[in-house]
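Structural overview
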Amino acid sequence: MEKIASTAIEIADEKGLDGLSMQHVAGRLGYTAMSLYRYVPGKEQLVDIVYDRALGPPPGRGDSADGAAGTTGEPAGDGRDWRGGVYRWVRAMLGVYSSHPWLLDITTSAPPLGPNQLAWFDALLQEVSDIGLGDDEMVHLVLFVTGAVRDLARTSSELAASPDRTGVSVEQMAEGYSHALKDLADGTRFPALSRVVSAGVFEPSEEPYNDIVPSLEFGLQRLLDGVESHVRTRRTGTTAV
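Summarised in this report is the structure supplied together with it.

Procedures and definitions
- Residues numbered from 1 in each chain as written.
- Predicted model: local features only at pLDDT ≥ 70, side-chain atom pairs only at ≥ 80, totals over all residues.
- Heavy atoms only, no water.
- Helix = DSSP H or I, 4+ residues; strand = E, 2+ residues; numbered from the N terminus.
- Buried < 20%, exposed > 50% of the residue type's maximum accessible area, 1.4 Å probe, protein only.
- Contact = heavy atoms within 4.5 Å.
- Areas by Shrake-Rupley, 256 points an atom, 1.4 Å probe, with all protein chains shown as cover.
- Lys, Arg positive; Asp, Glu negative; His and termini not counted.
- Charge placed at Lys NZ, Arg CZ, Asp CG, Glu CD.
- Salt bridge = Lys/Arg side-chain N within 4 Å of Asp/Glu carboxyl O.
- Expected span 1.5 Å × (residues − 1).
- 1 Å grid on protein atoms, 1.4 Å probe; cavity = no way out; pocket = protein on both sides within 12 Å on 5 of 7 lines; lining within 4 Å.
- Points joined across faces, edges and corners; volume = space filled by probe spheres on them.
- Nonpolar A, V, L, I, M, F, W, Y, C, P; charged D, E, K, R; others polar.
- Axes fitted to C-alpha atoms, helices over the stretch in contact; angles between N-to-C directions.
- Parallel < 35°, antiparallel > 145°, perpendicular 65-115°, else oblique.

All right, on to the overall build of the chain then. Looking only at helices and strands, one finds ten helices and zero strands in the chain. Considered along the principal axes of its C-alpha atoms, the chain spans approximately 65 × 55 × 30 Å. Across the 241 residues of the chain, 36% fall into the buried class. For the chain, the proportion of contacts with a sequence separation of at least 24, taken over those separated by at least 6, is 67%. A total of about 13900 Å² of accessible surface is found on the chain, and carbon and sulfur atoms cover 55% of it. Considering the chain, the positive charge centre built from 21 side chains and the negative charge centre built from 34 side chains are found 3 Å apart.

The following block contains the structure:
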């Protein structure tokens, strides 16, 4: 099974999820497709297996935060830098999606049950344990962070792949979008959008057009600020300013 899974991951890395089939896996292994069905009932089950295998294990608590600035807040009950731990988890998950972008094309049809999926779930739950949240609140926070990372990573991946479909480079896309917004963002109809367009927020820069890290970092830090404020208010019984 390990050989089947590793071969399937190789094919998906090369050809994407659409290029993965029982026939392709069997052919690369030198078997017939029918012989493969003795081990895997079909492509749906194969995708379930390779999804979990491609995820791999989550990062350990001692792993580097990869330059995460401004992540330190109030420590957890055991003195941990829980915010840094959340950031490490997020960066590690982005790394997995970068290595295997086809993971983002897999439809979520059931709650996570694979061993690596559960390990990632548990790892993030551990980071937000003992910070003052209720058990249900911990799960809500983990699900929100997981979904935000996945959706932003999908946006980045789709934009990166766009030139292959459209023939328009990422740089040309950024410039075209900036010009289009200047024409379309009418100050009366879209006052807030018009303001940020006029401020040059959408002007092309040296950063890749599909770089979602600044948006993710800002949103994540403000989210964790809110969690800290929520916990502080609960502990002190006062409203944080």
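Additional details are given in the paragraphs that follow.
By secondary structure assignment, the location of Val-168 is in the loop between helix 7 (135-166) and helix 8 (170-184). Setting aside anything within four residues of it in sequence, one finds Val-168 in contact with Pro-163 and Met-173.

Time to look at the pattern of salt bridges. According to the stated counting rule, one finds nine salt bridges in the structure shown. Taking the shortest distance from any N to any O, the salt bridge between Asp-151 and Arg-154 comes out at 2.8 Å. Taken as a pair, Asp-151 and Arg-154 lie in helix 7 at a separation of three residues, close to a single helical turn. Judged by relative accessible area, which is 43%, Asp-151 ranks as partly exposed. Taking the relative accessible area as the measure of exposure, Arg-154 reaches 24% and is therefore partly exposed. In this structure, the salt-bridge partner of Asp-225 is Arg-222, at a minimum N-O distance of 2.9 Å.

Compared with an ideal rise of 1.5 Å per residue, which puts 18 residues at 26 Å, helix 5 (residues 82-99) spans 26 Å between its outermost C-alpha atoms and is within 8% of the ideal. Where burial is concerned, most of helix 5 is hidden: 13 out of the 18 residues are buried.

So, on to the layout of surface pockets. Regions of empty space are outlined by a rolling probe, equal in size to a water molecule, passed over the atoms. The space that makes up the largest pocket amounts to roughly 740 Å³. Among the elements of the structure, helix 4 (43-55), helix 5, helix 6 (115-127) and helix 7 are those that each provide at least two residues to the lining of the largest pocket. For the lining of the largest pocket, the residue count by class is 15 nonpolar, seven polar and three charged. The calculated volume of the second largest pocket comes to roughly 380 Å³. Lining the second largest pocket are 13 residues, and of these Phe-202, Glu-203, Ser-205, Pro-208 and Tyr-209 sit closest to its centre. Partitioned by chemical class, the residues of the lining of the second largest pocket number eight nonpolar, one polar and four charged.

What follows concerns the side chain of Arg-150. Structurally, Arg-150 can be placed in helix 7. Although Arg-150 is buried, it forms no salt bridge, and the closest oppositely charged side chain is Asp-151 at an N-O distance of 5.5 Å. With near-sequence residues (within four places) excluded, Arg-150 lies in contact with Tyr-51, Tyr-97, Leu-103, Leu-104, Ile-106 and Thr-108.

Once that is clear, we can look at the packing of helix 4 against helix 6. Two elements in contact, helix 4 and helix 6, have axes whose closest approach is 7 Å; the angle formed by their N-to-C orientations is 45°. Considering their axes alone, helix 4 and helix 6 lie oblique with respect to each other. Contacts between helix 4 and helix 6 pair Tyr-51, Asp-52, Arg-53 and Leu-55 from the former with Pro-115, Asn-116, Gln-117 and Trp-120 from the latter. Along the lines of polarity and charge, the residues of the contact of helix 4 with helix 6 split into four nonpolar, two polar and two charged.

A positive phi angle is found at Asp-130, which is not glycine, with a value near 60°. Turning to its location among the elements, Asp-130 is positioned in the loop between helix 6 and helix 7. Look at Asp-130 and you get exposed, because its relative accessible area is 52%.

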